[in-house]
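Next come the chains, spelled out residue by residue.
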Amino acid sequence: MAEKETTKVAAPVLDDSLPRQPINQDTVKNVFAEVLDEFREDHKNMEMALLNQPFEVRGQEVVFMLSSGLHEDLFPKLKPELTGILRRKLRHPDVEVTFEITEHEKDPIKNLYTAGEKFTYLMEKSPALKELKKRFGLQADF
C-alpha cells in the first residue's frame, strides 16, 4: 500500500524588524479595503459579503457583528484566512478575528399584513390621520 503524503502549511513568518501597525478601526478598515479588492478579483463573493459586515476593534481582537445564521455558518471557514491576512498586513502576530451574532430589533412595518394593521400603525405615527378618520368616517377594511 502506498502511504498518503501530507503537507503542512507553514504559518506566515512576520518580519520583526518592521514596526507593528496599530490595531484600530481605521487601519483594519484600510486592510479590509485591500482584501476586498483581492477577493473581487478572485470572484470570492461570499467572502466579500462577510467582509462587508460591521466590525469592532477591541484591543487585539477584530469582532464581526453578524446578523444571520448563514453568515454564522460561513464565517468559521473564512476566519483562518482572514486572521492570517490581518496578522501579515498589520505585522501583528496577536491579532484575532471573532464574531458575534447581533439581534436586530424587528421593524414593526414588516409585520403589518392587513389594511387595518397598516391603518392603525399610520394613525399612531400621525395623530392627524386619527382626526381625519373620525371626521370623515374612514374605514381601513374594504
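Bear in mind the structure is a predicted one, so any value in this text is a computation, not a measurement.

### So, the overall build of the protein
Thought 1: Looking only at helices and strands, the protein features five helices and three strands.
Thought 2: Listing the helices and strands of the protein from first to last along the sequence gives α-α-β-β-α-β-α-α.
Thought 3: Taken across its 142 residues, the protein has 26% of its residues classed as buried.
Thought 4: The contacts in the protein between residues at least 6 apart in sequence include a share of 60% that link residues at least 24 apart.

### Points about a nonpolar patch on the surface
Thought 1: Together, Leu 132, Phe 136 and Leu 138 line one region of the surface with nonpolar side chains, adding up to about 280 Å² of accessible area.
Thought 2: If you trace the backbone, Phe 136 turns up in helix 5 (residues 127-136).
Thought 3: The class of Phe 136 is exposed, set by a relative accessible area of 57%.

### Focus on the pattern of salt bridges
Thought 1: Tallied over the full model, the rule gives eight salt bridges.
Thought 2: Of the charged contacts, one joins Arg 58 and Glu 56 as a salt bridge, the two residues approaching to 2.8 Å between their closest N and O atoms.
Thought 3: It is possible to trace a salt-bridge network through shared partners that takes in Glu 34, Glu 38 and Lys 89.

### Re unusual backbone geometry
Thought 1: Positive phi, close to 60 degrees, is recorded for His 43, a residue that is not glycine.
Thought 2: By the secondary structure assignment, His 43 is in the loop between helix 1 (25-41) and helix 2 (45-51).
Thought 3: Positive phi, normally seen in glycine, also occurs at Arg 91, with a value near 55 degrees.
Thought 4: Within the element layout of this structure, Arg 91 appears in the loop between helix 3 (69-90) and strand 3 (96-101).
Thought 5: Assessed through its relative accessible area of 25%, Arg 91 is described here as partly exposed.

### Details of the side chain of Thr 27
Thought 1: You can see Thr 27 is positioned in helix 1.
Thought 2: If we skip the residues at most four places from it in the chain, Thr 27 touches Pro 22 and Leu 90.

Rules used in this analysis
- Residues numbered from 1 in each chain as written.
- Predicted model: local features only at pLDDT ≥ 70, side-chain atom pairs only at ≥ 80, totals over all residues.
- Heavy atoms only, no water.
- Helix = DSSP H or I, 4+ residues; strand = E, 2+ residues; numbered from the N terminus.
- Buried < 20%, exposed > 50% of the residue type's maximum accessible area, 1.4 Å probe, protein only.
- Contact = heavy atoms within 4.5 Å.
- Patch = residues over 30% accessible without salt bridge, like charges linked within 9 Å, V, L, I, M, F, W, Y side chains within 5 Å.
- Areas by Shrake-Rupley, 256 points an atom, 1.4 Å probe, with all protein chains shown as cover.
- Salt bridge = Lys/Arg side-chain N within 4 Å of Asp/Glu carboxyl O.

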